[in-house]
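# Topology and contacts: notes
One letter stands for each residue in the lines below.
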Amino acid sequence: MTSPARLARTAGQKSPVAAVRARVRRRRLIVTLGVTVAVIVVAAVSLSIGDYALAPADLWRTLWGGGSRVEGYVVFQVRAPRVAMALLVGACLGIAGALLQTMLSNSLACPDLVGISGGAGVAAVFGLLVLGISGPLLALLAFGGGLVVATVLLLAGRRASHGSYPV
């Protein structure tokens, strides 16, 4: 006896699994292209608006080596580093969220929900009010507070996953 899927493949038709995979690949490609186009458009708008506005033609000319010295300065020294940093920070936040959800095996986990943001805030307030520090050192202290809470969560999650709940 032959299965219906085998008969369908022998008749030149795709199996249902292959059809679903093809649909998923097509959807993934469309979403990736859409997000890429949206990022490029937003980056172009970010490079062209501000106190010294640039028309799209001026921005294009400046990006390819033309334009005045002022336009080159505004685009390459002021706005492009900010756009690059925004893209980098956004990508890092996305990766951090995906890692957090993967490590906690919870697709709803986010730093503010599980307490990491709270731990960072408590450390920052402690550093500001009790220790009297500010600036980059305060940011490092807040990062350390978030890291401590994340470590506690991971250890607690590991212990709970082994089936031994503390009493």
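See above for the structure.
For clarity, every value in this text was computed on a predicted model and none was experimentally measured.

## Examining the layout of surface pockets
- Here the largest pocket defines a volume of roughly 240 Å³.
- In terms of lining, the largest pocket is formed by Leu93, Ala96, Gly97, Leu99, Leu100, Met103, Pro111, Ile116 and Ser117.
- For the lining of the largest pocket, the elements supplying multiple residues, two or more each, are helix 4 (69-103) and helix 6 (116-131).
- Per-element tally for the lining of the largest pocket: the top contributor is helix 4, with six residues.
- Here the residues of the lining of the largest pocket are counted per class, giving seven nonpolar, two polar and no charged.
- Empty space within the second largest pocket amounts to approximately 170 Å³.
- Lining the second largest pocket are Ile116, Ala120, Ala142, Phe143, Gly146, Leu147, Ala150, Thr151 and Leu154.
- Taken together, the elements giving at least two residues each to the lining of the second largest pocket come down to helix 6 and helix 7 (136-161).
- Tallied by class, residues from the lining of the second largest pocket come to seven nonpolar, two polar and no charged.

## Overview of a nonpolar patch on the surface
- A cluster of nonpolar side chains, contributed by Val125, Phe126, Leu128, Leu129, Val130 and Leu131, occupies part of the molecular surface with about 610 Å² of accessible area.
- Tracing the backbone shows Leu131 in helix 6.
- A residue is classified by how much of its surface remains accessible, and Leu131, at 48% relative accessible area, is partly exposed.

## Some words on the nonpolar core
- In this structure, Ala43, Leu47, Leu54, Leu59, Val75 and Val83 together form the largest nonpolar core, which totals six residues.
- If you list the elements that add at least two residues to this core, you get helix 2 (16-48) and helix 4.
- Those residues in contact with Leu47, other than ones at most four positions away along the chain, are Leu54, Leu59, Leu63, Val75, Arg79, Ala80 and Val83.

## As for the side chain of Thr62
- By secondary structure assignment, the location of Thr62 is in helix 3 (residues 56-63).
- When its relative accessible area of 1% is taken as the criterion, Thr62 is described as buried.
- From its side chain, Thr62 meets the backbone oxygen of Asp58 in a polar contact 2.7 Å long.
- When sequence neighbours within four positions are dropped, the list of residues in contact with Thr62 reads Gly67, Glu71, Gly72, Val75 and Phe76.

## Let's talk about helix 2
- Compared with an ideal rise of 1.5 Å per residue, which puts 33 residues at 48 Å, helix 2 spans 48 Å between its outermost C-alpha atoms and is within 8% of the ideal.
- Every buried residue of helix 2 is accounted for by Ala22, Ala43, Leu47 and Ser48.
- In this structure, the buried side of helix 2 is in contact with helix 3 and helix 4.
- Where helix 2 terminates, the next one or two residues include Gly50, which has phi positive at roughly 150 degrees.

Parameters and conventions
Residues numbered from 1 in each chain as written. Predicted model: local features only at pLDDT ≥ 70, side-chain atom pairs only at ≥ 80, totals over all residues. Heavy atoms only, no water. 1 Å grid on protein atoms, 1.4 Å probe; cavity = no way out; pocket = protein on both sides within 12 Å on 5 of 7 lines; lining within 4 Å. Points joined across faces, edges and corners; volume = space filled by probe spheres on them. Helix = DSSP H or I, 4+ residues; strand = E, 2+ residues; numbered from the N terminus. Nonpolar A, V, L, I, M, F, W, Y, C, P; charged D, E, K, R; others polar. Patch = residues over 30% accessible without salt bridge, like charges linked within 9 Å, V, L, I, M, F, W, Y side chains within 5 Å. Areas by Shrake-Rupley, 256 points an atom, 1.4 Å probe, with all protein chains shown as cover. Salt bridge = Lys/Arg side-chain N within 4 Å of Asp/Glu carboxyl O. Buried < 20%, exposed > 50% of the residue type's maximum accessible area, 1.4 Å probe, protein only. Core = buried A, V, L, I, M, F, W, Y, C linked by side-chain atoms within 4.5 Å. Contact = heavy atoms within 4.5 Å. Polar contact = N/O pair within 3.5 Å; in protein donor to acceptor, adjacent residues only side chain to side chain. Expected span 1.5 Å × (residues − 1).

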